[in-house]
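The lines below spell out each chain.
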There are 2 protein chains.
Amino acid sequence: MFKIGEVARLSGCSRETIRHYEKLKLLNPPRRAANGYRYYDETAIKRLGFIRHGRSLGLDLQTISELLALAEHPDSDCASADRIARHHLERLEERIASLERLADELRSVVVQCGGGRVADCRIIEALFDARYEAE
Amino acid sequence: MFKIGEVARLSGCSRETIRHYEKLKLLNPPRRAANGYRYYDETAIKRLGFIRHGRSLGLDLQTISELLALAEHPDSDCASADRIARHHLERLEERIASLERLADELRSVVVQCGGGRVADCRIIEALFDARYEAE
DNA sequence: GCTTGACCCTGCAATGATTACAGGGTTTAG
DNA sequence: CTAAACCCTGTAATCATTGCAGGGTCAAGC
């Protein structure tokens, strides 16, 4: 049985975040000691690891919550999990492509200024230039 | 002279966003007609274009505000603009590299499930797997 | 016994950028 | 004259998290 601070250290989520997940019903309310302290078991830590891992992959809490719901029915079909992951991968690839375009544009804009005047600055100029308006 | 709706159409920022920028002092308070309507000139539209362009590059409003302040002093040194842009480019490149790693992991996780049981699902399994804990 | 510091609790406000109301007033075209 | 399309203000929502105020509790050392 672990207090919230230990769980925070073990799971990598802050105490505030853990209480927040409880409020959002991503985590079952843990047992409480007589003094009101939360006490957790290992499954809560695993669950927090799952959430953290999902977050680090850029999944939102809603999506993670869906995956957790799936994980609670081990005998059901995993096609949904597959669909969710594939969908997320697609969005991720789009996002990367879009950031690559932006980096290209920034690179083309970041030139040697060597102490020039703002009036001649390509960076400022480029930002005022409507030709490159994005998505 | 343009009303806020026209400015919204011309600049690509919504009316709410324009009023929001005014509140954040990114935009000078425009002239008001007797009925209280905001009236803008072309410089406001240019400024909004600058902000939108910056946002589309992933700059935050604080950064954009700094660049706008620079742009207002055309005779000063543009080294600051250069530094801001380079710094942002670096962060962007880091972000892209990190997203690439995530996409790789997701790709390795998204395998054919073909109607398997959740209990055997690689996706769920991988999310529970602490080995891949990220940044 | 008593202080100190490390914990824990609740509930609410902040972040950043935007969007979405609610609850009004004004203008314009039919 | 009325309906639609505009405008106004102010406030609250979004998302995921963090921070704070204002408490209570616990273990160790004096």
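What counts, and where the lines are drawn
Residues numbered from 1 in each chain as written. Chains lettered and ligands numbered in written order. Predicted model: local features only at pLDDT ≥ 70, side-chain atom pairs only at ≥ 80, totals over all residues. Heavy atoms only, no water. Helix = DSSP H or I, 4+ residues; strand = E, 2+ residues; numbered from the N terminus. Rg over C-alpha atoms; globule rule 2.2 N^0.38 Å. Contact = heavy atoms within 4.5 Å. Lys, Arg positive; Asp, Glu negative; His and termini not counted. Charge placed at Lys NZ, Arg CZ, Asp CG, Glu CD. UniProt positions renumbered as here; feature names shortened; annotations may be inferred. Core = buried A, V, L, I, M, F, W, Y, C linked by side-chain atoms within 4.5 Å. Buried < 20%, exposed > 50% of the residue type's maximum accessible area, 1.4 Å probe, protein only. Domains from an automatic or database assignment. Patch = residues over 30% accessible without salt bridge, like charges linked within 9 Å, V, L, I, M, F, W, Y side chains within 5 Å. Areas by Shrake-Rupley, 256 points an atom, 1.4 Å probe, with all protein chains shown as cover. Salt bridge = Lys/Arg side-chain N within 4 Å of Asp/Glu carboxyl O. Near = heavy atom within 4 Å. Polar contact = N/O pair within 3.5 Å; in protein donor to acceptor, adjacent residues only side chain to side chain. Least-squares fit on C-alpha atoms with pLDDT ≥ 70 in both. Phe/Tyr/Trp six-rings, centres within 6.5 Å; stacked < 30°, edge-to-face > 60°. Buried area = accessible area lost by both parts, 1.4 Å probe. Nonpolar A, V, L, I, M, F, W, Y, C, P; charged D, E, K, R; others polar. pLDDT = per-residue confidence, 0-100.

A.B. asks: So, the overall build of chain A: which residues are in play, and what are the values?
C.D. replies: Counting secondary structure elements, chain A contains 6 helices and 3 strands. The secondary structure elements of chain A, listed N-terminal to C-terminal, are β-α-α-β-β-α-α-α-α. Relative to the globule expectation of 14 Å for 135 residues, the C-alpha radius of gyration of chain A, 23 Å, shows a markedly less compact shape. For the C-alpha atoms alone, the extent of chain A along its principal axes is close to 70 × 40 × 20 Å. Contacts in chain A between residues far apart in sequence, at least 24 positions, make up 42% of those at least 6 positions apart. Counting 22 positive and 22 negative side-chain charges, chain A places the centres of these two groups 9 Å from one another.

A.B. asks: So what's going on with the UniProt feature "coiled-coil region" (unreviewed entry) in chain A? Residues and values would help.
C.D. replies: Mapped onto the present numbering, the UniProt feature "coiled-coil region" (unreviewed entry) falls on residues 82-109 of chain A. From the first C-alpha to the last, residues 82-109 of chain A spans 40 Å; its make-up is 100% helix and 0% strand.

A.B. asks: Would you mind going over the nonpolar core in detail, with residue names and values included?
C.D. replies: By size, the foremost hydrophobic cluster in this structure holds 79 residues, and its most contacted members are Ile 18 and Leu 67 of chain A together with Ile 18, Leu 67 and Ile 124 of chain B. No other element matches helix H5 (residues 79-109) of chain A, which puts 11 residues into this core. Built from parts of two domains, this core gets at least three residues from each of domain 1 (1-76) and domain 2 (94-135) of chain A. When sequence neighbours within four positions are dropped, the list of residues in contact with Leu 67 of chain A reads Phe 50, Leu 59, Ala 81 and Ile 84 of chain A together with Ile 124 and Leu 127 of chain B.

A.B. asks: Residue-level account of a positive patch on the surface, with values.
C.D. replies: Residues and elements named next belong to chain A. A cluster of basic residues, Arg 9, Arg 15, Arg 19 and Lys 23, forms a positive patch on the protein surface. Along the chain, the position of Arg 15 falls in helix H2 (residues 15-23). Its relative accessible area of 46% is what places Arg 15 among the partly exposed residues.

A.B. asks: So what's going on with the domain arrangement of chain A? Residues and values would help.
C.D. replies: Per the domain assignment, the segments making up chain A are domain 1 (1-76) and domain 2 (94-135). Domain 1 of chain A and domain 2 of chain A are separated by 42 Å when their C-alpha centres are compared.

A.B. asks: How would you explain the protein's contact with DNA strand C if you had to name every residue and give the values?
C.D. replies: Around DNA strand C, a shell composed of 19 residues is seen, among which Gly 5 and Arg 19 of chain A together with His 20, Tyr 21 and Asp 60 of chain B lie nearest. What you see for DNA strand C is that sugar and phosphate hold 80% of its atoms within 4 Å of the protein. In the environment of DNA strand C, a base nitrogen lies 3.1 Å from a nitrogen or oxygen atom belonging to the side chain of Tyr 37 of chain B. Elements supplying a minimum of two residues to the surface near DNA strand C: helix H1 (4-11) and H2 of chain A together with helix H2 (15-23) of chain B.

A.B. asks: Let's hear about the relation of the copies chain A and chain B: which residues, and what values?
C.D. replies: By a simple turn and slide, chain A fits onto chain B: the slide is 0.0 Å along the axis, the RMSD is 0.0 Å, and the turn is 180°. Such a combination of turn and shift is consistent with a two-fold rotation axis. It is Ile 96 of chain A whose C-alpha, among those of chain A, lies nearest the rotation axis, at 3.1 Å. Here 100% of the interface residues in chain A have copies in chain B that are interface residues too; the copies meet face to matching face.

A.B. asks: Outline the packing of aromatic side chains, supporting the account with residue identities and numerical values.
C.D. replies: Overall, the coordinates contain 2 aromatic pairs over all chains when judged by the stated rule. An angle of 55° between the planes, with centres 4.4 Å apart, marks the rings of Phe 50 of chain A and Phe 128 of chain B as tilted. With Phe 50 of chain A in helix H3 (residues 42-56) and Phe 128 of chain B in helix H6 (residues 122-128), the pair connects residues from two separate chains. With relative accessibility at 36%, the residue Phe 128 of chain B sits in the partly exposed group.

A.B. asks: Can you break down the interface of chain A and chain B residue by residue, with the values?
C.D. replies: On the chain B side, the residues contacting the 56 residues of chain A number 56 residues. Between chain A and chain B, a total of about 5000 Å² is buried, with carbon and sulfur atoms accounting for 70% of that surface. Joining chain A to chain B, the criterion identifies 2 salt bridges. Residue Glu 93 of chain A is joined to Arg 107 of chain B by a salt bridge in which the shortest nitrogen-to-oxygen separation is 2.9 Å. The interface formed by chain A and chain B includes 4 residue pairs in polar contact (both at pLDDT 80 or more). Mapped onto the side of chain A that touches chain B, the elements with two or more residues apiece are H3, helix H4 (61-71), H5 and helix H6 (122-128) of chain A. No other element matches the 17 residues that H5 of chain A contributes to the side of chain A that touches chain B. Grouping the constituent residues of the side of chain A that touches chain B by class yields 31 nonpolar, 10 polar and 15 charged.

A.B. asks: Please give an account of the confidence of the model for chain A that cites residues and values.
C.D. replies: Predicted confidence across chain A gives a mean pLDDT of 84, with 92% of residues reaching 70 or more. When mean pLDDT is taken per element in chain A, strand E3 (residues 38-40) of chain A scores highest with 96 and H6 of chain A scores lowest with 80.

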